[in-house]
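One letter stands for each residue in the lines below.
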Amino acid sequence: MHNEESSTQESKIIVALDFDDLSKAKTLVSKLDPNLCKLKVGKEMFTLFGPDWVRYLVEKEFQVFLDLKFHDIPNTVAKACKAAAQLGVWMVNVHASGGVKMMQAAVESLNSLGGNRPLLTGVTILTSMDKHQFDQIGYQRDIESQVSHFAQMAESAGLDGIVCSALEAEMLRKEIGKEFKLVTPGIRPVGSDQGDQSRVMTPERALNAGANYLVIGRPITQAEDPLSALCEISESVASL
């Protein structure tokens, strides 16, 4: 259904590229190995540098997670997901709060492309959100229950997985199918700065809790030696 590395074990690390300077981003990417990591392109870089930046990374043989969190009427989201697929990305995501109909439309648009289409994941509750911020939104459930509800919605809509905090991974693994992917931002190796994340976990604990993919940004991208930092994290989770 999607491309996997065949010569080596599939990398579980997704490096989050958050740059406003294209040359700095290219310098970093040149130091990374597509066999050791995938790359995430979010709203800032996509808005600044557009689809050509995604194509550049795909041409460098990186698997790209296009993290644009589509959330709109079903037809618009379906077309956006199809457009993302045409860039050759490995994964694209939508907000689960957009509802089952919206998610189903996205699934149908990607399935219409045939076998080699991106994974589709649903964003549950952002890992930057703490209890106070969450309560302000007005959901009737607590964070864990709401994440669980979104996960079940996403699974029923036919998505390949969800984006969630690793703190919810263990709970979700008991509730949803083994094949359902859990993509976990807010991953911080021991000794790293928490930054703007509220619900965080170390790489080892996240994988042990049931996460499939770990989104890691600054601990790699701002390291003195990014490849060395990536290798260190990669080796720490290789047996998990």
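Residues numbered from 1 in each chain as written. Predicted model: local features only at pLDDT ≥ 70, side-chain atom pairs only at ≥ 80, totals over all residues. Heavy atoms only, no water.

Some points on unusual backbone geometry
With a phi angle near 75°, E61 is a residue other than glycine that sits in the positive phi range. As for its placement among the helices and strands, E61 is situated in the loop between helix 2 (43-59) and strand 3 (64-70). Even without a glycine there, the phi angle at K69 is positive, about 50°. Among the structural elements, K69 can be located in strand 3. (Helix = DSSP H or I, 4+ residues; strand = E, 2+ residues; numbered from the N terminus.)

Description of the pairing of strand 7 (residues 181-184)
Side chains K181 and V183 of strand 7 all project onto a buried face; the interleaved residues L182 and T184 project onto the opposite face, where all are buried too. Across 3 bridges, strand 6 (residues 161-163) lies against strand 7 in parallel orientation. Its bridge partner being in strand 7, V163 is matched across the sheet by V183. Traced from strand 6 through helix 7 (residues 169-175) to strand 7, the parallel crossover comes out right-handed. (Buried < 20%, exposed > 50% of the residue type's maximum accessible area, 1.4 Å probe, protein only. Pairing = 2+ DSSP bridges. Right-handed = clockwise from strand over helix to strand, strands pointing away.)

Some points on the UniProt feature "active site" (unreviewed entry) in the protein
Following the UniProt record, the feature "active site" (unreviewed entry) maps to D67, K69 and D72 here. In this structure, D67 sits in strand 3. Leaving out residues up to four positions away in the same chain, D67 has contacts with K40, V41, G42, K43 and N93. Within the element layout of this structure, D72 appears in the loop between strand 3 and helix 3 (74-85). Once you skip the residues sitting within four places of it in the chain, D72 turns out to touch V77 and M102. (UniProt positions renumbered as here; feature names shortened; annotations may be inferred. Contact = heavy atoms within 4.5 Å.)

With respect to the pattern of salt bridges
On inspection of all chains with the given rule, the structure shows 6 salt bridges. Note that K69 and D67 form a salt bridge whose closest N and O atoms lie 3.0 Å from each other. Of the charged contacts in the structure, one is a salt bridge between R117 and D160, with a shortest N-O distance of 2.6 Å. Taken together, the residues R117 in the loop between helix 4 (100-111) and strand 5 (119-123) and D160 in the loop between helix 6 (143-157) and strand 6 connect sequence positions 43 residues apart. (Salt bridge = Lys/Arg side-chain N within 4 Å of Asp/Glu carboxyl O.)

What to know about the sheet that holds strand 1 (residues 13-17)
On the basis of which strands lie adjacent, the closed barrel formed by 8 strands has the order 1-2-3-4-5-6-7-8 and parallel pairing. This sheet shows a mean twist of 25° between the axes of neighbouring strands, independent of strand direction. With 3 bridges connecting them, strand 2 (residues 38-41) and strand 3 associate as parallel partners. Across the sheet, the residue bridging to L39 is V64, located in strand 3. (Axes fitted to C-alpha atoms, helices over the stretch in contact; angles between N-to-C directions.)

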